[in-house]
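# Observations on the model geometry
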Amino acid sequence: MICASRILRHSTKLRHTHHATQKDRAFLVCWFTHHARMDANHIDDVPRSSQLDLGPGDKYGTSMFSTRGSSCQSFQSINQTPISTVRMEKGNILRTAIKGHSPATTSVYKKSQQRNFIRYYSTDSGLPPHQEIGMPSLSPTMTEGNIAKWMKKEGEKLAPGDVLCEVETDKASVEMECMEEGYLAKIVLGDGSTGIKVGEIIAVTVEEEEDLAKFKDYSPSISDAAASSKEPSPPTPTKEESPEEAATNPTERSSPGNRIFTGPLTSMLAKDDKVHISNTKGTSHDGRVAKIDIKDSPASGGKEVSPALDYTDIPQTQIGKVTASRLLQSKQTIPHYYLTVDTCVDKLMELRIHLNSLQEASGGRRISINDLVIKAAAMALREVPQCNSSWTDDYIRQYRNVNINIAVQTDNGLCVPVIKDADKKGLSRIGKEVKHLAEKARENSLKPEDYEGGTFTVSNLGGSFGVEQFRAIVNPPQAGILAVGSAERRVIPGSGPKQYEFASFMTATLSCDHRVVDGAIGAEWLKAYKGYIENPQSMLV
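The shown structure was predicted, so the numbers you read here are calculated from the model rather than taken from an experiment. (Residues numbered from 1 in each chain as written. Predicted model: local features only at pLDDT ≥ 70, side-chain atom pairs only at ≥ 80, totals over all residues. Heavy atoms only, no water.)

## Focus on the overall build of the protein
The number of helices and strands found in the protein is twelve helices and 25 strands. Here the protein holds 541 residues, and the buried ones make up 37% of them. Pairs at least 24 apart in sequence give 61% of the contacts found in the protein among residues at least 6 apart. Carbon and sulfur atoms provide 52% of the accessible area of the protein, an area that totals close to 33400 Å². (Helix = DSSP H or I, 4+ residues; strand = E, 2+ residues; numbered from the N terminus. Buried < 20%, exposed > 50% of the residue type's maximum accessible area, 1.4 Å probe, protein only. Contact = heavy atoms within 4.5 Å. Areas by Shrake-Rupley, 256 points an atom, 1.4 Å probe, with all protein chains shown as cover.)

## Concerning the sheet that holds strand β11 (residues 163-168)
One key point about sheets: their strands pair by backbone hydrogen bonds, in either a parallel or an antiparallel sense. Read across the sheet, four strands follow the order β12-β11-β9-β14 without closing on themselves; strand pairing throughout is antiparallel. With partners counted over all chains shown, the strands left at the sheet margins are β12 (173-177) and β14 (196-197), one partner each. Where β11 and β12 come together, five bridges link them in antiparallel fashion. Bridge pairing in β12 places V167 opposite V174. (Pairing = 2+ DSSP bridges.)

## Let's talk about the pairing of β11
Successive residues of a regular strand alternate their side chains across the two faces of the sheet. Pairing geometry for strand β9 (residues 144-150) and β11, over four bridges, is antiparallel. Note on β11: the bridge partner recorded for N146 is E168. If you look at the hairpin formed by β11 and β12, you'll find four residues sitting between the two strands.

## Comments concerning the packing of aromatic side chains
The way to describe two aromatic rings as a pair is by their centre distance and the angle between their planes. In the structure shown here, the tally under the stated rule is four aromatic pairs. A centroid spacing of 5.3 Å and a plane angle of 35° characterise the contact between F456 and W525, whose relative ring orientation is tilted. Of this pair, F456 sits in strand β23 (residues 456-460) while W525 sits in helix α12 (residues 519-534), and the two are 69 residues apart along the sequence. We note that F456, like W525, is buried. (Phe/Tyr/Trp six-rings, centres within 6.5 Å; stacked < 30°, edge-to-face > 60°.)

## Looking at the nonpolar core
Judged by nonpolar contacts, the single largest core of 54 residues is most densely connected at I404, L482, W525 and Y529. A total of nine residues in this core trace back to one element, the largest contributor, which is helix α9 (residues 369-383). With sequence-adjacent residues up to four places away left out, I404 is seen in contact with I374, A378, L381, P417, V418, I419, A422, F456 and V458. M142, L158, V167 and V198 belong to the second largest nonpolar core, which has 18 residues in total. (Core = buried A, V, L, I, M, F, W, Y, C linked by side-chain atoms within 4.5 Å.)

## Let's talk about the sheet that holds strand β25 (residues 500-513)
Within the open sheet, the six strands sit side by side as β16-β25-β24-β23-β19-β22. Their pairing is mixed. Only two strands of the sheet have a single partner each, and these edge strands are β16 (336-344) and β22 (418-419).

## Some words on the packing of α9 against helix α10 (residues 427-442)
Between α9 and α10, the least distance of the axes is 9 Å, while the angle of their chain directions is 115°. Viewed along their axes, α9 and α10 adopt a mutual orientation that is roughly perpendicular. The hand of the α9/α10 crossing is right-handed. Across from N370, D371, L372, I374 and K375 in α9, the residues of α10 making contact are L427, I430, G431 and V434. Here the contact of α9 with α10 is built from residues that sort into five nonpolar, two polar and two charged. (Axes fitted to C-alpha atoms, helices over the stretch in contact; angles between N-to-C directions. Parallel < 35°, antiparallel > 145°, perpendicular 65-115°, else oblique. Left-handed = near helix turned anticlockwise from the far one by under 90°. Nonpolar A, V, L, I, M, F, W, Y, C, P; charged D, E, K, R; others polar.)

## Some details on the side chain of Q478
Mapped onto the elements, Q478 comes out in the loop between β23 and β24 (480-493). Judged by its relative accessible area of 4%, Q478 falls in the buried class. A polar contact of 2.8 Å, which involves the side chain of Q478, links it to the side chain of N405. One polar contact links the side chain of Q478 to the main-chain carbonyl oxygen of G454, over a distance of 3.3 Å. Ignoring any residue separated from it by four or fewer positions in sequence, one finds Q478 in contact with S389, N405, G454, T455, F456 and T457. (Polar contact = N/O pair within 3.5 Å; in protein donor to acceptor, adjacent residues only side chain to side chain.)

## Overview of the pattern of salt bridges
All told, the structure shown has 13 salt bridges when counted by the stated rule. A salt bridge links K321 to E144; the shortest N-O distance between them is 3.5 Å. Placement of K321 in helix α7 (residues 318-333) and of E144 in strand β9 is noted, with a sequence separation of 177 residues between them. Relative accessible area serves as the criterion here: at 15%, E144 is assigned to the buried category. (Salt bridge = Lys/Arg side-chain N within 4 Å of Asp/Glu carboxyl O.)

## Focus on the environment of L482
One can find L482 in strand β24. Residue L482 is classed as buried on the basis of its relative accessible area of 0%. Sequence-wise, L482 and T457 are 25 residues apart; in three dimensions their C-alpha atoms are separated by 6.4 Å. Not counting the four nearest positions on each side in its chain, L482 is found in contact with V373, F456, T457, V458, S459, A508, T509, L510, W525, L526 and Y529.

## Regarding the packing of α9 against α12
At a closest axis distance of 8 Å, the pairing of α9 and α12 adopts a crossing angle of 135°. Between α9 and α12, the angle falls in the class oblique. α9 and α12 meet at a crossing whose hand is right-handed. Residues L372, V373, A376, A377, M379, A380, L381 and E383 of α9 lie in contact with α12, whose contacting residues are W525, A528, Y529, Y532 and I533. Looking at the contact of α9 with α12 residue by residue, the classes come out as twelve nonpolar, no polar and one charged.

## Observations concerning the environment of G145
As for its placement among the helices and strands, G145 is situated in strand β9. Taking relative accessible area as the criterion, G145 reaches 0% and is therefore assigned buried. Measuring from C-alpha to C-alpha, the distance between G145 and K171 comes to 10.0 Å, with 26 residues separating the pair along the chain.

Have a look at this one:
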């Protein structure tokens, strides 16, 4: 009876405990005798003799505890020690000493940010002070990365600014530098490690050289947990029955007495194909042998086994996986529509020939058609700024900077380095930056500032690729991308009757996010773009 009454009393108290946490100013005041300690070893002992009264109408809840074996008669009978108040304020827990005879400690627990460098002091396990280095977040969209190569070896001395390793992000390969002096004690994840989550431990450093030997067999628990979560448990092997075994060992039927059910047409077909129905596994209801089972039987020769395919599995790169994810997200979430226009490029080619003659005379770099296209797109964006925008749930952000991303194909995947303030730069400088960024992209050495901050994208598959026309996928969070094809000669009507002329035309298709750019705005932008292409001197004014 005593145990039952205690269970009933405590269950009643627990039903009302949620009223304490619902109040923003709820607190818990605890009085301790001079023997009581609020530590981890006695935390379970404290509530056993507590008095808790948190009814629905209570604004505050107070709990008075006593030490094990002592009674709590009244507030006056307790030898008071410091009173501590625990309250919740904006999601944080604060414990403050109110009054007492011994010093009190104030502790504030806040949500800490994720750190890539975690310092530990010497512990009971015998490990000296050390620093665990986690996988850094080297781009805004990076969630995991790969280690291409370690530039330092275990035991080597480190200095601020030294390159520890090369990390493959979702955009490019970035060098990871050391922040403090010390020694590289342990490389947890070696060269070629892939799928490393941001913050996962990759190495350990120490301050003193004599501490290196103590980390020879070091393995952080975080890495072990991450590795175990990535490795799926091996599936239970199942025995596959070969066609010969199926023919010689008839399977048991679910029907009573292992009776085989079939129809007259199936029996006739089995007789013609010389197939024993008793050795044929039925796939119809209740194990009934059907016509398809006879045709698929190995004895009938109707089912042919296709030869094994010869293939090679190509591992995915980090850039390729992120690009595929973003393109899929773009097609699924962005309402695309497309506008196409043909532009006459005869005057553009004449201007290019004239400018290249001047460049060669001065020792400068030759200007390409792509450089002129980038400049024309930038000028059109300045004229129609609605296309130089991006979508958010609360507003449409219109950019004052015209930064053009250019699509570059590399061995590791598609990269989109950015030409910043393209509307304010000359053709020679645009061409120089395009060449430099394309080389860095193919060498997989782009830095975050080389591809971040774009507001519009240009993809050119003309020229050496020879693609006449295509539709590109919008690069989020941008609202448009221009797909440029190759120039081709066409026959057009002449000035007089029965006269014709030849002209070169280049097809351009604008892909738009309909949430940001309406059809009329997209058509207005294409009109401005066509004007700059067909009258290229206006870009130089």
